[in-house]
There are 2 protein chains.
Amino acid sequence: MQARAGATRRSLLESAACLFHERGFAGTSISDIGNASGLTSGAIYFHFSNKDALARAIVEAHFDTWPVLIERHTGAGAPATVSLVRLSFAVARAFRDDPLVRGGARLWSERYGIDATLPAPFVGWIAAVRALLERAREEGELADRIDPAGAAKSIIHAFFGLHTVSDALSGRAEIENDLADLWRLLLPALLADPGAAEDTLRRALPAVDEVRA
Amino acid sequence: MQARAGATRRSLLESAACLFHERGFAGTSISDIGNASGLTSGAIYFHFSNKDALARAIVEAHFDTWPVLIERHTGAGAPATVSLVRLSFAVARAFRDDPLVRGGARLWSERYGIDATLPAPFVGWIAAVRALLERAREEGELADRIDPAGAAKSIIHAFFGLHTVSDALSGRAEIENDLADLWRLLLPALLADPGAAEDTLRRALPAVDEVRA
């Protein structure tokens, strides 16, 4: 029963996240979510006391995605600079393809209109990027002038903006090309050997040339 | 009478923009705006048919700010790279200090819940930055590998993210320091002579050292 309730909850969260992503928090009712998920309003209220609690659970699921991705893409086996680029593409794909990530992102942008305390983003991301830059320094790949703390903040600023603007202009259709462009600007600034930028990009993403095609 | 109606309209927009910035669109009523502006609801409806129309006028005033700033900071008399950095600090200060810019930004982020077509941002900014980068190339200051079109997009992504994250984390208290950090990362990538980055930053903003203090 436990497992089945967990599966129902997950499927409910995904149905609701799709609707919230398309129509926003105010434009989505519990009855819409019932129609999309095939659950009665009573079954929905068994899991969540109200629409605000459901929205909070989606935003939490969104934020729970990141530690898993960070763990998967930053382990040993690749230089930190390659891991950093690889991680950024994994995040871009999650934003484009994962309903919980997409729904959670829109709900977070509408957070002022939702009666729930939503988790704060950014701080954990800045720490993860800073750790990768510090490892890149130990590995001798970071330019001397780069301060890992300041650069980590600026990188997170740039990526967050990329996601927001890409979503507003094209529904993220161009996100991988735009991300490759951003790395082509940033890597020569970050790397001790600016000429290694294209190689780092290629190692991170074997198919990056096709991304441009 | 024309001038007086114009002044009343402007003061009404500023009062409403302050409230929208603090409380959001849904959290602000016409009666709140009446209390803050000292106008009756009847006087407000003389200028705007409803709250959505008032919100649209604030977002339009927000976007009308930019051509004036671009004109003022990108004229002849300074290299394009210095103009670009100078312009970015003027924008950061407008976001921090101008009630119409602040209110318009929050309303734009809440655009899905407002019944009004709001102007699209970004496209005009990308064009303005691209023109400055093309001028920098003519002036011999742009690194050969930089493509002005792709770099302009990435720069706008980075700045938009900086503004959003700074607003979420600290109400933009650190925006000038964070902006200087972002330029310290980007300028060495953009400039034909990476060593000229600090000099460009200093020429753009004579007081930039104090910003760090």
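Each chain has its residues counted from 1, following the order in which its sequence is written. Throughout, the order in which chains and ligands are written sets their labels, letters from A for the former and numbers from 1 for the latter. Only residues with pLDDT of at least 70 get local features here, since the model is predicted, and only at 80 or more are side-chain atom pairs given and counted; chain-wide, interface and lining totals rely on the full set of residues. Side-chain measures were taken over the full set of non-hydrogen atoms in the model, leaving aside hydrogen atoms and water.

Glancing now at the confidence of the model for chain A. All names here are of chain A. Values of pLDDT, which run from 0 to 100, indicate the predictor's confidence residue by residue. Scored by pLDDT, chain A comes out at a mean of 88, with 93% of its residues at no less than 70. Working rule for contacts: check all heavy atoms of both residues, and any pair within 4.5 Å makes them a contact. Between residues 208-213, whose pLDDT stays under 50, and residues either more than four places distant or in other chains, the model counts ten contacts. This prediction of the complex comes with two scores: 0.81 for pTM and 0.77 for ipTM.

Residues and elements named next belong to chain A. Helix axes are fitted to C-alpha atoms over the stretch in contact, other axes to C-alpha atoms as well, and angles between N-to-C directions run from 0 to 180 degrees. Strands are runs of DSSP state E lasting at least two residues, helices are runs of H or I lasting at least four, and both sets are numbered from the N terminus onward. Running from N to C, helix 5 (residues 80-97) and helix 9 (residues 175-190) cross one another at 155°; their axes reach a closest spacing of 10 Å. Overall, the two elements helix 5 and helix 9 adopt an arrangement that is roughly antiparallel. In terms of crossing hand, the pair formed by helix 5 and helix 9 is right-handed. Together, Leu84, Val85, Ser88, Phe89, Ala92, Arg93 and Arg96 of helix 5 and Ile175, Glu176, Leu179, Ala180, Trp183 and Leu187 of helix 9 make up the contact between the two elements. Split into classes, the residues belonging to the contact of helix 5 with helix 9 amount to nine nonpolar, one polar and three charged. Should an angle lie under 35 degrees it is considered roughly parallel, over 145 roughly antiparallel, and from 65 to 115 roughly perpendicular; all remaining angles are considered oblique. Rotating anticlockwise by less than a right angle from the far helix to the near helix defines a left-handed crossing, while the corresponding clockwise rotation defines a right-handed one. Side-chain classes are defined by residue name, with Ala, Val, Leu, Ile, Met, Phe, Trp, Tyr, Cys and Pro counting as nonpolar, Asp, Glu, Lys and Arg as charged, and the others, Gly among them, as polar.

A word on the UniProt feature "domain: HTH tetR-type" (unreviewed entry) in chain A. UniProt's feature table lists "domain: HTH tetR-type" (unreviewed entry) at residues 6-66 of chain A, given in the numbering used throughout. End-to-end, the C-alpha atoms of residues 6-66 of chain A are 20 Å apart, and along that stretch the chain is 80% helix and 0% strand. UniProt positions are given in the numbering used here, feature names are shortened, and annotations may be inferred rather than shown by experiment.

Moving on, we get to the packing of aromatic side chains. Stacked, tilted and edge-to-face are the three classes assigned to paired rings of Phe, Tyr and Trp, where Trp is represented by its six-membered ring and a pair needs centres within 6.5 Å; plane angles under 30 degrees give stacked, over 60 edge-to-face, the rest tilted. Tallying each qualifying case throughout the model produces eight aromatic pairs over all chains. Consider the rings of Phe159 of chain A and Trp183 of chain A, whose centres lie 5.1 Å apart with planes at 45°: the pair is tilted. Remark: Trp183 of chain A occurs in helix 9 and Phe159 of chain A occurs in helix 8 (residues 148-170); sequence separation between them is 24 residues. Each member of the pair, Phe159 of chain A together with Trp183 of chain A, is buried. A centroid spacing of 5.6 Å and a plane angle of 55° characterise the contact between Trp66 of chain B and Trp125 of chain B, whose relative ring orientation is tilted. Remark: Trp125 of chain B occurs in helix 7 (residues 123-138) and Trp66 of chain B occurs in helix 4 (residues 51-73); sequence separation between them is 59 residues. No difference in accessibility class separates Trp66 of chain B from Trp125 of chain B, as the two residues are buried. An aromatic cluster is built from Trp66, Phe95 and Trp125 of chain A, whose rings are joined through pairwise contacts. The aromatic ring of Phe25 of chain A is capped on one face by Lys51 of chain A, whose charged end is 4.3 Å from the ring centroid. With a 1.4 Å probe rolled over the protein chains alone, any residue whose accessible area is under 20% of its type maximum counts as buried; one over 50% counts as exposed, and the rest are partly exposed. Our definition puts a charge over a ring when NZ of Lys or CZ of Arg is within 6 Å of the ring centre and also within 35 degrees of the ring normal.

As a further point, take the environment of Phe89 of chain B. All names here are of chain B. Following the sequence through the fold, Phe89 ends up in helix 5 (residues 80-97). Expressed as a C-alpha distance, the spacing of Phe89 and Ser49, which sit 40 residues apart in the sequence, is 36 Å. In this structure, Phe89 is in contact with Glu176, Leu179, Ala180, Trp183, Leu201 and Leu205, ignoring residues within four places of it in sequence.

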